[in-house]
Amino acid sequence: MSTPTAAGIGDLTLSPLDPLKDAVLLHGWVTHPKSAFWMMQDATLVDVERAYMEIAADEHHHAYLGLHDGVPAFLMEKYDPAHRELTGLYEPEPGDVGMHFLVAPTDRPVHGFTRAVITAVMTELFADPATRRVVVEPDVGNKAVHALNAAVGFVPEREIQKPEKKALLSFCTREQFEKAVSA
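Analysis parameters
- Residues numbered from 1 in each chain as written.
- Predicted model: local features only at pLDDT ≥ 70, side-chain atom pairs only at ≥ 80, totals over all residues.
- Heavy atoms only, no water.
- Helix = DSSP H or I, 4+ residues; strand = E, 2+ residues; numbered from the N terminus.
- Expected span 1.5 Å × (residues − 1).
- Buried < 20%, exposed > 50% of the residue type's maximum accessible area, 1.4 Å probe, protein only.
- Arc of directions from axis to C-beta.
- Contact = heavy atoms within 4.5 Å.
- Salt bridge = Lys/Arg side-chain N within 4 Å of Asp/Glu carboxyl O.

**As for helix α2 (residues 45-56)**
For α2, which comprises twelve residues, the first-to-last C-alpha distance of 16 Å matches the rise-based estimate of 16 Å (1.5 Å per residue) to within 8%. Within α2, burial applies to V48, Y52 and I55. The arc enclosing the buried residues of α2, seen along the axis, measures out at 50°, which places them on a common side. Exposed and oriented more than 90 degrees from the buried face of α2 are R50 and E54. In this structure, the buried side of α2 is in contact with α1 (23-30), β3 (61-68) and β4 (71-79).

Here it is, written out as structure tokens:
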């Protein structure tokens, strides 16, 4: 996947994650203090390898390494919410796709980069004609991601209690996304 991005950002691409090859990189990202909402702060390298090996073996969950001009810069996961993450917490509809994304921590943030990443992720998810709506469940306290989600068309439905967190269940249809990014 290659997605045109905002002026000055560069090319964003996705490739399947290699759990063993990419584990050291991911470990640094998910245990960083800026990634607290990823809930892997105390994970060891082996924990990260295992978590992503489980995803690689799961037909309902996939992980992708995001590259910025060829350099690893973000992580995207997509999952089937009828089988993972949200099972029993809402009534899934045909064409629902769950999504998580994480931008790598950096000491030199680029203005607009995270919004370009979520836009690229959503563009990739909606490139599949079977995707009718994207579902997210960020921590209710993650105000920064709530603002990013709103910027690309997500509408919160309600708070839900997951085993690991209180989450804000939100949805974005293809039409809502297209309207948000064309505005």
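Okay, back to it.
**Some details on the pattern of salt bridges**
Taken as a whole and judged by the stated rule, the model has ten salt bridges. Residue E137 pairs with K165 through a salt bridge whose shortest N-O separation is 3.4 Å. Within this pair, whereas E137 is found in the loop between β6 (133-136) and α4 (143-151), its partner K165 is found in the loop between β7 (155-161) and β8 (166-173), the two being separated by 28 residues in sequence. Overall, E137 belongs to the buried group, its relative accessible area being 2%. A salt bridge links R158 to E157; the nearest nitrogen and oxygen atoms lie 3.4 Å apart. The exposure class of R158 is partly exposed, given its relative accessible area of 34%.

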